[in-house]
Amino acid sequence: MIGTITLNPAVDRRYNIDELAKNTVKRTEDYHASAGGKGLNVSRVIKLLEEDVCAFGFLGGNTGDFIRSEIKKIDIIDKFTDVCGTTRTCLNIIDSNGDNIEVLEKGPSISEDDKNKFIEEFKNEVENLDIITISGSLPKGIDIDIYSEIIEIAASKGKKVILDTSGDVLLENLKSKPFLVKPNKEELENITKIKLDSEAAIKMAAYKILSKGAQNIAISLGSNGMYFFGEEGNFKVDIPKVDVSNTVGSGDSSVAGFAYSISKGKTIDQALKYANACGMSNATLKGTGQIDMEQVNELIEKIIVRKI
Ligand code: ADP
């Protein structure tokens, strides 16, 4: 079973309208609400890979109840900690020209008590988990190095952690030696301040992150595939072209592909193929955090992993 951690989940609400305009009232029948947050995308994709998932984090209020009911429908094991306050809603209003406006709530502040309850919940379960993924930003009230605390608890039981976050939160938590980090190119550029305009520059930036503690690093490059630097060597993943529909959640799908294949003891070559095939499949589909297993299996045959 794979554990996923989403400390800052959200209800994602999408409204499609004819045209965005100031000071108007719009009516629509084209709207949708889903359980959002990067870790919940990871959880959904792991379920689609037919592996059991146990999801941890903080949920509160009626939006929290909505997320609980959505994850229950797809048999994700709910280990979320109940908090006071209301889980945030992220609003996306899209018009027929493709213009959109996003409104992101800040979400509830987490108390010390709730944080301790979450840590206890995680400690109680960690032995049942094959691998753990940590995704996304931190809610208010939570110290920046909480991810290190989680990684150290996991390590004390011999469990690997994939850490997918960005900026200072990523930098600050490298010291706890996560098994794998997966920034995209822009995120790596931001934290290393190195312009990533060549393979040599990407390698230099990757080694900077490895020197700070990460055991392995995968750098995702959208339609250009991925680089990987780590204990089993350095690799470039070349991927075929696909018809793209929605790339939101592709990085999360890659994390799910990694977690799944590592938990199954697959080789690094296979893990990189799964990670990219899941990201690609998500990119071809309309939904966020969705893959098609048949397509994933076809794509795996077409992806090339080169040692560099
Ligand atoms: P993030 O969502 O974290 O920015 P990426 O956009 O780099 O991550 O996507 C992760 C993976 O998904 C890529 O390494 C690639 O395998 C696949 N992918 C993403 N965008 C595309 C695309 N436009 N075409 C084909 N594959 C894609």
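The structure reproduced in this document is the subject of the present report. Predicted, not measured: the structure shown is a model, and the values here were computed from it.

## Some thoughts on the overall build of the protein
Then step 1. Of regular secondary structure, the protein possesses ten helices and 15 strands.
Then step 2. Expected size for 308 residues packed as a compact globule is a radius of gyration near 19 Å; at 19 Å, the protein falls within 12% of this value.
Then step 3. Projected onto its principal axes, the C-alpha positions of the protein cover 55 × 45 × 40 Å.
Then step 4. Considering the protein as a whole, with its 308 residues, one finds that 52% of them fall into the buried category.

## Some points on a negative patch on the surface
Then step 1. A contiguous patch of negative charge on the surface is contributed by Glu112, Asp113, Asp143, Asp145 and Glu152.
Then step 2. With respect to the helices and strands, the residue Asp145 is situated in the loop between β9 (131–135) and α4 (146–156).
Then step 3. Residue Asp145 is classed as partly exposed on the basis of its relative accessible area, which comes to 34%.

## Re the site of the ligand
Then step 1. Near the ligand, the surroundings consist of 18 residues, among which Asn184, Ser220, Gly222, Gly225 and Asn276 are the closest.
Then step 2. One of the side-chain nitrogen or oxygen atoms of Ser220 is found 2.8 Å away from an oxygen atom of the ligand.
Then step 3. Notes on the ligand: free accessible area 550 Å², of which the protein chains cover 86%.
Then step 4. In terms of residue class, the shell around the ligand is made up of six nonpolar, eleven polar and one charged.

## Quick word on the sheet that holds strand β2 (residues 10–17)
Then step 1. In space, the four strands of this open sheet follow the order β3-β2-β7-β8, with mixed pairing throughout. The strands lining the two open edges of the sheet, one partner per strand, are β3 (31–36) and β8 (100–104). Mean inter-strand twist for the sheet, computed between neighbouring axes without regard to direction, equals 15°.
Then step 2. Relative to the sheet, helix α2 (residues 61–73) contacts β2, β3 and β7 (88–95), its axis offset from that of β3 by approximately 85°.

## Focus: the packing of helix α6 (residues 185–192) against helix α7 (residues 199–211)
Then step 1. Between α6 and α7, the shortest axis-to-axis distance is 10 Å and the interhelical angle comes to 65°. One element, α6, and the other, α7, form an angle in the roughly perpendicular class. The crossing of α6 and α7 is left-handed. Here α6 contributes Leu188, Ile191 and Thr192 to the contact with α7, which in turn contributes Ala205, Ala206, Lys208 and Ile209.
Then step 2. For the contact of α6 with α7, a count of residues per class yields five nonpolar, one polar and one charged.

## A few points about the pairing of β2
Then step 1. Bridging between β2 and β3 involves six bridges; their strand directions are antiparallel. Within β3, the residue paired with Tyr15 across the bridge is Tyr31.
Then step 2. By the bridge criterion, eight bridges tie β2 to β7 in an arrangement that is parallel. Note on β7: the bridge partner recorded for Arg14 is Asn92.

## Structural notes on helix α1 (residues 38–48)
Then step 1. Where burial is concerned, most of α1 is hidden: eight out of the eleven residues are buried.
Then step 2. Contacts made by the buried residues of α1 are with β1 (2–6), β3, β4 (53–59), α2, β9 and α8 (250–263).
Then step 3. Looking one or two residues past α1, Glu50 carries a phi angle of roughly 70°, positive in sign.

## With respect to the side chain of Ser281
Then step 1. With respect to the helices and strands, the residue Ser281 is situated in helix α9 (residues 268–284).
Then step 2. One polar contact links the side chain of Ser281 to the main-chain amide nitrogen of Asp292, over a distance of 3.0 Å.

## Description of the packing of aromatic side chains
Then step 1. Summed over all chains, the structure comprises seven aromatic pairs.
Then step 2. Between Phe58 and Phe118, the ring centres sit 5.3 Å apart and the planes meet at 50°, which makes this aromatic pair tilted. Taken as a pair, Phe58 in strand β4 and Phe118 in helix α3 (residues 112–125) lie far apart in primary sequence, 60 residues in all. In this structure, Phe58 and Phe118 share a single accessibility class: buried.
Then step 3. Among the aromatic residues, those joined into a ring-pair cluster are Tyr207, Tyr227 and Phe229.
Then step 4. The aromatic ring of Phe179 is capped on one face by Lys160, whose charged end is 4.6 Å from the ring centroid.
Then step 5. The ring of Tyr227 is capped by Lys236, whose NZ or CZ atom sits 5.7 Å from the centre of that ring.

The rules we used
- Residues numbered from 1 in each chain as written.
- Predicted model: local features only at pLDDT ≥ 70, side-chain atom pairs only at ≥ 80, totals over all residues.
- Heavy atoms only, no water.
- Helix = DSSP H or I, 4+ residues; strand = E, 2+ residues; numbered from the N terminus.
- Rg over C-alpha atoms; globule rule 2.2 N^0.38 Å.
- Buried < 20%, exposed > 50% of the residue type's maximum accessible area, 1.4 Å probe, protein only.
- Patch = residues over 30% accessible without salt bridge, like charges linked within 9 Å, V, L, I, M, F, W, Y side chains within 5 Å.
- Areas by Shrake-Rupley, 256 points an atom, 1.4 Å probe, with all protein chains shown as cover.
- Salt bridge = Lys/Arg side-chain N within 4 Å of Asp/Glu carboxyl O.
- Lys, Arg positive; Asp, Glu negative; His and termini not counted.
- Charge placed at Lys NZ, Arg CZ, Asp CG, Glu CD.
- Near = heavy atom within 4 Å.
- Polar contact = N/O pair within 3.5 Å; in protein donor to acceptor, adjacent residues only side chain to side chain.
- Nonpolar A, V, L, I, M, F, W, Y, C, P; charged D, E, K, R; others polar.
- Pairing = 2+ DSSP bridges.
- Axes fitted to C-alpha atoms, helices over the stretch in contact; angles between N-to-C directions.
- Contact = heavy atoms within 4.5 Å.
- Parallel < 35°, antiparallel > 145°, perpendicular 65-115°, else oblique.
- Left-handed = near helix turned anticlockwise from the far one by under 90°.
- Phe/Tyr/Trp six-rings, centres within 6.5 Å; stacked < 30°, edge-to-face > 60°.
- Lys NZ or Arg CZ within 6 Å of the ring centre and 35° of its normal.

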